[in-house]
Amino acid sequence: MSQKPWDGRFSEQTDRAVEAFTASIDIDRRLYQYDIDGSIAHCRTLARAGILTPEEADELVFGLESVRGEIESGTFSYNDSLEDIHMHIEDRLFSHVGNLSRKLHTARSRNDQIALDTRLYVKDQGGKIAGQLLDLCKAFIDLAENNIDVVLPGYTHLQRAQPVLFAHHMMAYFEMFARDKARFEDCLKRVDVMPLGSAALAGTTYPLDRSYTAELLGFSSVSENSMDAVSDRDFIMELLSCASICMVHLSRISEELVIWSSTEFSFVDLPDAFCTGSSIMPQKKNPDIPELVRGKAGGVFGSLTAVLTLMKSLPLAYNRDMQEDKKPLMDAVDTLRTCLDIYVRMLPKITVNRSLTEAAADRGYLNATDMADYLVEKGMPFREAHGVVGKAVAYALGEKKELHELDLPELTFFSSLIEDDIYPALSVKQMIDRRKTYGGTATQNVQEAIERARKRLS
Ligand code: ARG
């Protein structure tokens, strides 16, 4: 019968099915390094409180490092009857330091231990995600800068609306991912709180210097309330919210890349190395990366929903339900991190077919607003100008011409205010460069936005 650290009050051996059902080792084994770091800091704190001698603490730390070595070299063995990573490590510690290992869990519960491990995991992964978002932001800036003079139609309702610079469009994504990065960084401030010392739920009778533990583990503060510390999973919900919003943004650029790389649009070419073919249709080159990223967004939202639902209505403090938080957390982190990684690799290799984007921006009455603005400059109220241009568009549609393809007598029929100087006002170049409001698509504005963006990142 395997010895469990909690089996003193039990008279029957745990049912095998129960062991398998309650075990979380398959998932929380990934927390081993945080668990060991936490235990080492706990040993040092116990020694400082005089609960362990300095020699005992040294020996326990040595034992914990040996266990770490076994896990990292792959010689460690896992077993459902030991439930979780905490019990596995403590059990194995016995083989290295014998009975001394039984002192490690003084003044600690698995409830504060798992809260600590998960916070350390989130801090670590959240920091890496913020780093990946930095790389992604840089990739969008580079893509914008390398295509600074490329024009494409801007859309609303997926109908051609007004011409914009491709760089302006890319810098819109820069803004989204810069916000995502800031959101993760802000979330990490609330993760950065050290829960050890809360024990099961009420705190502990031992005189632990919790600030010392926090300092050893690199936390900037300690939790204020022991019940909150062991039952709070807000930091997971927050991280998953940040991840979900970021996946929304990734799904939007993905959708655009799928549309833009279609034969119908042909605005961009995705690199061959990031596409796959069809097993039956030899001509196919499919945009699998953006499609998969778009599809994976759903799983990340599912993780957020899972943890929200898991935590809803739970009474204080720890409940075993909470063990179910780690799978959705880790799934979402893994998914987001692979999606960010593949995007950072793919983006620099995307090429824009500028002749096609520019031709598209030239057709579809994208200059109708500019024609109305022209009439306003000549003194006509905007609403009236809107009506005049609407009639001109209807006429041009009938003639199968664009507004700028109508000759002057045709145009002046709609308003005597129209003169020869209307043609430059209807050109793509002027349409772009006259949109000089801060945040608009004028070339100089976009160049300045790119400069500011680089500064914001540094
Ligand atoms: N494995 C548990 C979890 O992930 C930690 C231990 C919970 N404590 C307990 N008394 N069962 O939440």
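Residues numbered from 1 in each chain as written. Predicted model: local features only at pLDDT ≥ 70, side-chain atom pairs only at ≥ 80, totals over all residues. Heavy atoms only, no water.

A. Spotlight on the overall build of the protein. What the protein contains, in helices and strands, is 19 helices and 6 strands. Its C-alpha radius of gyration of 31 Å places the protein more than 25% over the 23 Å reference for a compact globule of 458 residues. With the C-alpha coordinates aligned to their principal axes, the bounding extent of the protein is approximately 100 × 50 × 40 Å. Residue burial in the protein is summarised as follows: out of 458 residues, 49% are buried. (Helix = DSSP H or I, 4+ residues; strand = E, 2+ residues; numbered from the N terminus. Rg over C-alpha atoms; globule rule 2.2 N^0.38 Å. Buried < 20%, exposed > 50% of the residue type's maximum accessible area, 1.4 Å probe, protein only.)

B. How the structure looks around helix α13 (residues 354–361). Burial in α13 covers these residues: T357, A360 and A361. Looking down the long axis of α13, one finds its buried residues gathered within 100 degrees of arc, a one-sided arrangement. Against the buried residues of α13 lie β1 (151–156), β2 (159–165), β6 (351–352) and α18 (428–433). (Arc of directions from axis to C-beta. Contact = heavy atoms within 4.5 Å.)

C. The site of the ligand, seen in detail. In the region of the ligand, the neighbouring residues are S24, D84, H86, R110, N111, I114, Y318, R320, Q323 and K326. At 2.5 Å from an oxygen atom of the ligand is found a side-chain nitrogen or oxygen belonging to Y318. The separation between an oxygen atom of the ligand and a polar side-chain atom of K326 is 2.7 Å. Its free accessible area being 340 Å², the ligand has 86% of it covered by the protein chains. The leading source of residues in the shell around the ligand is helix α6 (residues 110–146), at 3 residues. Split by residue class, the shell around the ligand holds 2 nonpolar, 4 polar and 4 charged. (Near = heavy atom within 4 Å. Polar contact = N/O pair within 3.5 Å; in protein donor to acceptor, adjacent residues only side chain to side chain. Areas by Shrake-Rupley, 256 points an atom, 1.4 Å probe, with all protein chains shown as cover. Nonpolar A, V, L, I, M, F, W, Y, C, P; charged D, E, K, R; others polar.)

D. Quick look at the packing of helix α14 (residues 368–377) against helix α15 (residues 382–399). Contact pair α14 / α15: the axes reach a minimum separation of 8 Å and the direction vectors enclose 135 degrees. By the angle class used here, α14 and α15 are oblique. Handedness of the α14/α15 crossing: right-handed. Contacts between α14 and α15 involve A368, M371, A372, D373, L375 and V376 from the former and F382, A385, H386, V388, V389, A392 and V393 from the latter. Class assignment of the residues belonging to the contact of α14 with α15 gives a composition of 11 nonpolar, 1 polar and 1 charged. (Axes fitted to C-alpha atoms, helices over the stretch in contact; angles between N-to-C directions. Parallel < 35°, antiparallel > 145°, perpendicular 65-115°, else oblique. Left-handed = near helix turned anticlockwise from the far one by under 90°.)

E. Examining the pattern of salt bridges more closely. According to the stated counting rule, one finds 37 salt bridges in the structure shown. With a shortest N-O distance of 3.5 Å, E19 and R16 are connected by a salt bridge. Placement of the pair is E19 and R16 together in helix α1 (residues 16–22), with a separation of 3 residues, close to one helical turn. Of the charged contacts, one joins D325 and R233 as a salt bridge, the two residues approaching to 2.9 Å between their closest N and O atoms. Within this pair, whereas D325 is found in the loop between α11 (288–311) and α12 (326–346), its partner R233 is found in the loop between α9 (226–231) and α10 (234–260), the two being separated by 92 residues in sequence. Within the structure, one salt-bridge network assembled from shared partners comprises E83, D84, R110 and R320. (Salt bridge = Lys/Arg side-chain N within 4 Å of Asp/Glu carboxyl O.)

F. Summary view of the side chain of T118. Tracing the backbone shows T118 in helix α6. On the basis of relative accessible area, T118 is assigned to the buried category, the value being 1%. From its side chain, T118 meets the backbone oxygen of I114 in a polar contact 2.7 Å long. Those residues in contact with T118 that lie beyond four places of it in its chain are L31, F235, I236, K326 and L329.

G. Representation of helix α4 (residues 54–73) within the structure. The end-to-end C-alpha distance of α4 is 28 Å, a good match for the 28 Å that 20 residues give at a rise of 1.5 Å each. Looking at the packing, one finds that the buried side of α4 touches α3 (32–48) and α5 (85–97). Residue G74 follows α4 closely and has a positive phi angle near 85 degrees. (Expected span 1.5 Å × (residues − 1).)

H. Focus on the environment of D433. In this structure, D433 sits in helix α18. On a C-alpha basis, the gap between D433 and L165 in space is 9.7 Å, while along the polypeptide they are 268 residues apart. A polar atom in the side chain of D433 sits 2.7 Å from the side chain of T443.

I. Structural view of a nonpolar patch on the surface. On the surface, L201, M227 and L316 cluster together to form a nonpolar patch covering roughly 270 Å² of accessible area. Of note, L201 is situated in the loop between β3 (193–194) and α8 (210–217). (Patch = residues over 30% accessible without salt bridge, like charges linked within 9 Å, V, L, I, M, F, W, Y side chains within 5 Å.)

J. View of the packing of helix α7 (residues 166–191) against α10. Following both chains from N to C, one finds α7 and α10 inclined at 165 degrees, their axes separated by 9 Å at the closest point. On the basis of the axis angle, α7 is roughly antiparallel to α10. Both α7 and α10 take part in a crossing whose hand is left-handed. Its residues assigned to classes, the contact of α7 with α10 shows 17 nonpolar, 2 polar and 6 charged.

K. Seen up close, the pairing of β1. Of the strand pairs in this sheet, β1 and β2 are connected by 6 bridges, and their pairing is antiparallel. Pairing of V151 across the sheet is with L165, part of β2. Counting the residues in the hairpin turn of β1 and β2 gives 2 residues, including H157, whose phi is positive at 55 degrees. (Pairing = 2+ DSSP bridges.)

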